[in-house]
Amino acid sequence: VRSREIDYSVEQSVDNLFGGRAFVGVNATRHKSFLRRTTTTGVTTETIGNTNTGSNPGPAEWSANGNLRWEGRRWSFAWNTTYLDDQLLLLSATADINVLGRDRIEWTTLHDVVIEYRLDAGTATGWRRFLADTAISVGANNVFDRDGRYLPSSTSRATAPSDSTLGRALWLRMRKSF
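In what follows, the accompanying structure is described. (Residues numbered from 1 in each chain as written. Predicted model: local features only at pLDDT ≥ 70, side-chain atom pairs only at ≥ 80, totals over all residues. Heavy atoms only, no water.)

### What about the overall build of the chain?
Threshold: Helix numbers and strand numbers start at the N terminus; a helix is a DSSP run of H or I with at least 4 residues, a strand a run of E with at least 2. A 1.4 Å probe rolled over the protein chains alone gives each residue an accessible area, and that area as a share of the maximum for its type sets the label: buried under 20%, exposed over 50%, partly exposed in between. By definition in these notes, contact holds between two residues if any of their heavy atoms fall within 4.5 Å. The method behind every accessible area is Shrake-Rupley, applied with a 1.4 Å probe, and residues are considered shielded solely by the protein chains displayed.
Of regular secondary structure, the chain possesses one helix and 10 strands. Looking at the chain residue by residue over its 178 residues, the buried ones come to 30%. Counting only contacts in the chain whose residues sit at least 6 apart along the sequence, the fraction spanning at least 24 positions is 59%. Accessible surface, the chain as shown: approximately 11700 Å² in total, 55% of it carbon and sulfur.

### Side note on a nonpolar patch on the surface
Applied cut-off: Each patch is assembled from residues with relative accessible area greater than 30% and no salt bridge, linking like charges that lie within 9 Å and nonpolar side chains (Val, Leu, Ile, Met, Phe, Trp, Tyr) that lie within 5 Å. Just to be clear on terms, a salt bridge is a Lys or Arg side-chain nitrogen sitting within 4 Å of an Asp or Glu carboxyl oxygen.
Judged by side-chain polarity, Trp75, Phe77, Ile115, Phe130, Ile136, Val138, Leu172 and Met174 come together as a nonpolar surface patch covering roughly 790 Å² of accessible area. Put simply, the parts of the chain that give the nonpolar patch at least two residues each are β5 (75-84), β9 (134-141) and β10 (169-176). The residue Ile115 is located in strand β8 (residues 108-118) in this model. Classification of Ile115 by relative accessible area gives partly exposed; the value is 33%.

### A short note on the pattern of salt bridges
A complete count under the given rule lists five salt bridges for this structure. Glu116 is paired through a salt bridge with Arg175; the nearest N and O atoms lie 3.4 Å apart. Within this pair, whereas Glu116 is found in strand β8, its partner Arg175 is found in strand β10, the two being separated by 59 residues in sequence. According to the relative accessible area criterion, Glu116 is buried, its value standing at 9%. For Arg175, a relative accessible area of 40% translates into the label partly exposed.

### What about the environment of Glu5?
Short version of the rule: Polar contacts here mean pairs of N or O atoms no more than 3.5 Å apart (in protein, one a potential hydrogen donor and the other a potential acceptor; neighbouring residues in sequence count only if both atoms are side-chain atoms).
Its location among the elements puts Glu5 in strand β1 (residues 2-17). Of the residues examined, Glu5 reaches a relative accessible area of 37% and is grouped as partly exposed. Residues contacting Glu5, with those up to four places away along its chain left out, are Thr29, Arg30, His31 and Lys32. Among the polar contacts listed, one links the side chain of Glu5 to the side chain of Ser3, at a separation of 2.8 Å.

### Re unusual backbone geometry
For Phe18, which is not glycine, the phi torsion reads 55° and is therefore positive. In this structure, Phe18 sits in the loop between β1 and β2 (20-36). When its relative accessible area of 74% is taken as the criterion, Phe18 is described as exposed.

### A few points about the packing of aromatic side chains
Going by this rule: A pair of Phe, Tyr and Trp rings is counted when the ring centres sit within 6.5 Å of each other, with Trp represented by its six-membered ring. The angle between the planes then sorts it: under 30 degrees is stacked, over 60 is edge-to-face, the rest tilted.
Here the structure, examined in full by the defined rule, presents six aromatic pairs. Considering the side-chain rings of Tyr8 and Trp62, the 5.9 Å spacing of their centres and the 25° angle between planes classify their relative orientation as stacked. With Tyr8 in strand β1 and Trp62 in strand β4 (residues 62-71), this residue pair connects regions lying 54 residues apart in the sequence. Here the aromatic rings of Trp79 and Phe144 are separated by 6.1 Å at their centres, their planes lie at 55°, and the arrangement is tilted. With Trp79 in strand β5 and Phe144 in the loop between β9 and β10, this pair connects stretches of sequence that are 65 residues apart. Chaining the aromatic ring pairs together yields one cluster made of Trp70, Trp75, Phe77 and Tyr117.

### Overview of a positive patch on the surface
Heads up, the rule is: Counting rule applied: Lys, Arg positive; Asp, Glu negative; His and chain ends not counted. Just so you know, the charge point we use is NZ for Lys, CZ for Arg, CG for Asp and CD for Glu.
A grouping of Arg2, Arg4, Lys32 and Arg37 is seen on the molecular surface, where their side chains present a positively charged patch. As for its position among the elements, Lys32 is in strand β2.

### Some thoughts on the environment of Gly72
With respect to the helices and strands, the residue Gly72 is situated in the loop between β4 and β5. Judged by its relative accessible area of 13%, Gly72 is buried. Taking C-alpha positions, Gly72 is 6.4 Å from Arg21, a pair spaced 51 residues apart along the chain. Look past the residues within four positions of Gly72 in its chain and what remains in contact with it is Gly19, Gly20 and Arg118.

Okay, structure coming up:
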C-alpha cells in the first residue's frame, strides 16, 4: 500500500469567553492516491475513484473532523463532528448497486459530545486528596444515533466498512493525574 494525502488544519482560540477559553478547529484530509497491490508480484492499482479494484475499495476522497470546545477552570464542553465523504462502489458489486439504486455510498456526518469536570488539587484534605487532580468525563458518540451507511453485501454487517455498527454509545471516564 502506498498513499498520498493532503492534510488541512485550522484552529482558532478565543480567550476570556464566559470565564474560560473557546477553541474551534477543522481538520480535513484529501486522499489523492491510494495504491494497493494484492499480491507481492501483482499489479499496483489506484483505488481512489476506481470502481474496478477487486474486493478492496480505497478510502473516500475526503474525510474531515471539526470541533468546538470550551474550557473553564473546572468545566469543559466539546462538540465534534466527523464527515465521511461518499464512496464509489465496486463495479463487481452489482447487487449493492441494484439495491441502492446508485453507484456510491452517500456521505454522512457523525456528532459526538463530551462534558468534563476537573477536581481542584489546592483545597483537598483528608480522603479527598485521593480525588485531587482527577477529571470525570461523560460523553456520547454518535449523538443523533445515525445508523451506519447501508451496504447490503458487507459481510454480515450490511454497513459500510468505515462506519460503526454500534449506533449511539454513552461513556463515562475518570482520569487521575499523579
